Every structure is written in C-alpha cells, then in structure tokens.
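# Examination of the molecular architecture
Below are the chains, spelled out letter by letter.
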Amino acid sequence: MVTAAAVTGATVRRVGVVSLGLIGGSVARRLVAEGVEVHAWNPSAPALEAAERDGVVPHASIASLCAAEPDVLLLAPPLRAMADVIGEVAAHVRGATVVTDAGSVKVAVTDAARGAGLSARFVGAHPMAGTEQAGYEASDARILDGARWALTVEPDTDRDAFLRVAALVTGPLGGVVRVATPAVHDAAVALVSHVPHVFATDLLGLVGGADVRDLALALAAGSFRDGTRVAGTHPRRTEAMVVDNAAAVVPVLRRAVADLTALADALEAGEPVGEFFDAAAEVRASMRLAAPEDPAATVTLDGDGWREELLDATRTGLVVGADTATVSVRVTHAPA
Ligand SMILES: O=C(O)C(=O)C[C@]1(C(=O)O)C=C[C@@H](O)C=C1
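Please read all numbers here as calculations on a predicted model, not as lab measurements.

## Looking at the site of the ligand
The environment of the ligand is formed by Ser104, His126, Pro127, Met128, Ala129, Gly130, Thr131, Glu132, Ser193, His197, Arg229 and Val230. The separation between an oxygen atom of the ligand and a polar main-chain atom of Gly130 is 3.3 Å. Protein burial of the ligand: of its 370 Å² of free accessible surface, 83% is covered by the chains. Breaking the shell around the ligand down by element, the ones donating at least two residues are β8 (125–127) and α7 (182–208). Here the residues of the shell around the ligand are counted per class, giving four nonpolar, six polar and two charged. Both domains that furnish three or more residues to the shell around the ligand are identified here as domain 1 (2–180 + 290–332) and domain 2 (186–279).

Pasting the structure below:
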C-alpha cells in the first residue's frame, strides 16, 4: 500500500460559471459561501440578478466572463445547449483558464470540447447531485455536500488541468471524485441515473394508461412516491440525458426488457422466481456497504504515466480526495 503522496499548488481563487440553473446556481452559492470569487453568465437576467444579490459577479456575455480569466470555468447549461456553449467558450477563453462542465453525459460533451479545440484545457466533470427541480431559485449549496463527482481522464488530459478541477471539487465544493474515461462514465451513469429516470417515467405511464388509474393514484403511497420522484424532472431534461447517452442506455434497456420478460414468463408458468429477487438483494447490500471514500492507497501524479495510472486504477475503483492545502489522488483497490 502506498501511503503518502500529495500534489500541491492547485489553488482555485476565481471560478466562472456558465448558466445558473440548479447545478450552476448551487455551485455558485457554495463557492461564494466558501470565500471563492465567483463570476457568472446566465442567458436570462432574473437569475443573474438574484445571483448578484447573493455575491456573484455578473457578466453580460460568455466573452466577458472568459475575459475575467477565472482559474476554472464551469459549464452548467442544459445538455441541449452544451455544444453551443462550448463553441462560444472556445472562441473566447484565454489565459490559464481550465474549462470543466457539469453535464450528465460525458462522451458527447468531451467530443464537443475536443471538436472545439479545447482538449488541452478541458476536464469533463459530472456531479452526482441534484433534485427533480430546476432553476436558480431551486439551487442550494447543500445538495453538493459530500457529492460524488466523476472526472474524466483521456489520453490527452492535461495533468495540471485535472488537478485544478480536482482541487476545486474536493476543496471548496466539498465533493469526492471518481475518475473514468468518458465511455466508462456513460455506461455507469446509464445504469444508476438515466435508466432509473426512464423506469420512473414508465411507472407513471403504466398508471396513466390503466383502467384503475384513479383508484391507483388515490392509493399510491411510499413505493410509488419514491419510485417516481425523479420523473418530476423536466421532461426535456430527462429526454436530453437519454438521447445524448443512447449508446449506453439502449443496451441497458434491452437487458431490462429481457429480465422483465423472463420474470413475466416464469410467473405465468408458475416457475420459481426467487433468484430474480435474491440477485437484486445482493447488489442492494453491497451498495449500502460501499465506502469508496475510504482510500486504501495514495498515488502521486508526478510521473510520466500518471494518466495511465489513473485510468488503470479506474478498473478497480479510484477516489480523489483532498487535504485542505493539497490535492491527494488516492487509489482504492476493490477487494479481489
Ligand atoms: O436526485 C435527483 O433528483 C437526481 O435525479 C439527481 C441525478 C441522479 O441521481 O440521477 C440526476 C442527474 C444528474 O446528472 C445526477 C444526479
């Protein structure tokens, strides 16, 4: 086990935020509370004015925001606007600004960043945080407490850019980082976020089309409320996640259809179905037990092979944590 290592010097004093919705607004509020200088641009004026009252420096355009040369510029627009925002940022970003994002799909976003020529200063990010609400008025610094963030590492990721984003996330944003390639991220998030949104939506659709709809809705209690909560997300937002991550979502949906068909067949034939439930119970138990924030080892990102080391570690599980003044990259080896 490697026990000691730290990479120093990744300080973040000024952050720019593009789009003050639920996540951009929550990030801005939290950073202001942590004493970080926050600059922002938002397509509509009321949210920008509200943020200004909350201590954010407002900008009238993305060009003006880029000219403030934030240490990190975080892009948090709706997914459907991300490519346009990336193009606009690429045209104006300057100095040593590192660009990151908060989109829930990473292949599409990192491809757009590469296409716009941003690769050298871009690190994809995804905070696994949120609610079914939207807009600056729904934003809340607390939803980021201890949030798990995915950061993407690619063969051309810049080490200092990666460390600066990791320092922001694990420092003032109070999060924990897991590292993945964009494709691995998208496969994992299809399972734990995108497809669950589809199932929640379908649960509502099933009731909506049933003869007993009214009575069913009148009787709905805990399981239906919990199972459908995320279906309260704006339909366009859910649609964009699923469409932009179709490559990873489709195989999971097909697998789910096959599982449910097998279950229905077994029930119809009066065959045993215990295995279906036992297998799920086992996953649920390991989910409760998982403590990925407990690092088993620490590595220093100072050799030539740092990217490979990170990506390699992705296969067994990897967490980036932070001391207050330094960033440590910790590799957690999953039990064999
Ligand atoms: O808690 C919720 O309401 C969410 O939907 C948050 C949630 C998720 O867990 O799926 C949704 C999308 C984000 O990209 C990350 C997190």
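## Comments concerning α7
Since there are 3.6 residues in each turn of an α-helix, residues three or four apart along the chain are aligned in direction. Over its 27 residues, α7 runs 36 Å from end to end, which matches the ideal 39 Å to within 8%, given 1.5 Å per residue. The largest bend along α7 reaches roughly 55° and is located at Ala190. By the burial criterion, the buried members of α7 are Pro182, His185, Asp186, Val189, Ala190, Ser193, His194, Val195, His197, Ala200 and Val207.

## Some details on helix α5 (residues 107–115)
Looking only at α5, the buried set comprises Val109, Thr110 and Ala113. Down the axis of α5, the buried side of the element spans an arc of 95°, and every buried residue falls inside it. Downstream of α5 by one or two residues, Gly117 has phi in the positive range, about 80°.

## Thoughts on the sheet that holds strand β7 (residues 122–123)
The strand order β4-β3-β2-β5-β6-β7 describes an open sheet built from six strands, whose pairing is parallel. Strands with a single pairing partner mark the edges of an open sheet, and in this sheet they are β4 (57–58) and β7. One ladder, built from five bridges, connects strand β2 (residues 14–18) with strand β3 (residues 37–41); its direction is parallel. The partner of Arg14 across the bridge, within β3, is Glu37. Each of β2, β5 (72–75) and β6 (98–101) is contacted by helix α4 (residues 79–92), which is oriented at about 155° to β5, the strand it contacts most.

## Some points on the pattern of salt bridges
Under the counting rule described, the total for this entry stands at 13 salt bridges. Note that Glu154 is salt-bridged to Arg114, the shortest N-O span being 3.0 Å. Placement of the pair is Glu154 in the loop between β9 (148–152) and α6 (159–170) and Arg114 in helix α5, with a sequence separation of 40 residues. Judged by its relative accessible area of 13%, Glu154 falls in the buried class. Notably, a salt bridge pairs Asp156 with Arg114, separated by 3.2 Å at the nearest N-O pair.

## So, the packing of α4 against α5
Running from amino to carboxyl end, α4 crosses α5 at an angle of 15°, the nearest separation of the two axes being 9 Å. Classified by the angle between their axes, α4 and α5 sit roughly parallel to one another. Taken as a pair, α4 and α5 cross one another with a handedness that is right-handed. For the pair α4 and α5, the contacting residues are Leu79, Met82 and Ile86 in the first and Val109, Ala112 and Ala113 in the second.

## Considering unusual backbone geometry
Phi is positive for Ser19, which is not a glycine, with a value near 85°. Note that Ser19 resides in the loop between β2 and α1 (22–33). The backbone of Glu69 shows a phi angle near 45°, a positive value even though the residue is not glycine. Of note, Glu69 is situated in the loop between α3 (62–67) and β5. A relative accessible area of 38% means that Glu69 is categorised as partly exposed.

## Points about empty space enclosed by the protein
Per the counting criterion, the structure on display carries one cavity of 30 Å³ or more. Surrounding the largest cavity, Thr110, Ala113, Arg114, Ser119, Phe122, Glu154, Asp156 and Thr157 form its lining. Here the lining of the largest cavity takes three residues from α5, the largest share from any one element.

## Points about the environment of Leu73
For Leu73, the location among the structural elements is in strand β5. Overall, Leu73 belongs to the buried group, its relative accessible area being 1%. On a C-alpha basis, the gap between Leu73 and Phe122 in space is 9.6 Å, while along the polypeptide they are 49 residues apart. Not counting residues up to four positions away in its chain, the partners in contact with Leu73 are Gly16, Val17, Val18, Leu65, Cys66, Val89, Thr97, Val98, Val99 and Thr100.

The rules behind the values
Residues numbered from 1 in each chain as written. Predicted model: local features only at pLDDT ≥ 70, side-chain atom pairs only at ≥ 80, totals over all residues. Heavy atoms only, no water. Near = heavy atom within 4 Å. Polar contact = N/O pair within 3.5 Å; in protein donor to acceptor, adjacent residues only side chain to side chain. Areas by Shrake-Rupley, 256 points an atom, 1.4 Å probe, with all protein chains shown as cover. Helix = DSSP H or I, 4+ residues; strand = E, 2+ residues; numbered from the N terminus. Nonpolar A, V, L, I, M, F, W, Y, C, P; charged D, E, K, R; others polar. Domains from an automatic or database assignment. Expected span 1.5 Å × (residues − 1). Bend = angle between axes of the 7 residues up to and from the residue. Buried < 20%, exposed > 50% of the residue type's maximum accessible area, 1.4 Å probe, protein only. Arc of directions from axis to C-beta. Pairing = 2+ DSSP bridges. Contact = heavy atoms within 4.5 Å. Axes fitted to C-alpha atoms, helices over the stretch in contact; angles between N-to-C directions. Salt bridge = Lys/Arg side-chain N within 4 Å of Asp/Glu carboxyl O. Parallel < 35°, antiparallel > 145°, perpendicular 65-115°, else oblique. Left-handed = near helix turned anticlockwise from the far one by under 90°. 1 Å grid on protein atoms, 1.4 Å probe; cavity = no way out; pocket = protein on both sides within 12 Å on 5 of 7 lines; lining within 4 Å. Points joined across faces, edges and corners; volume = space filled by probe spheres on them.

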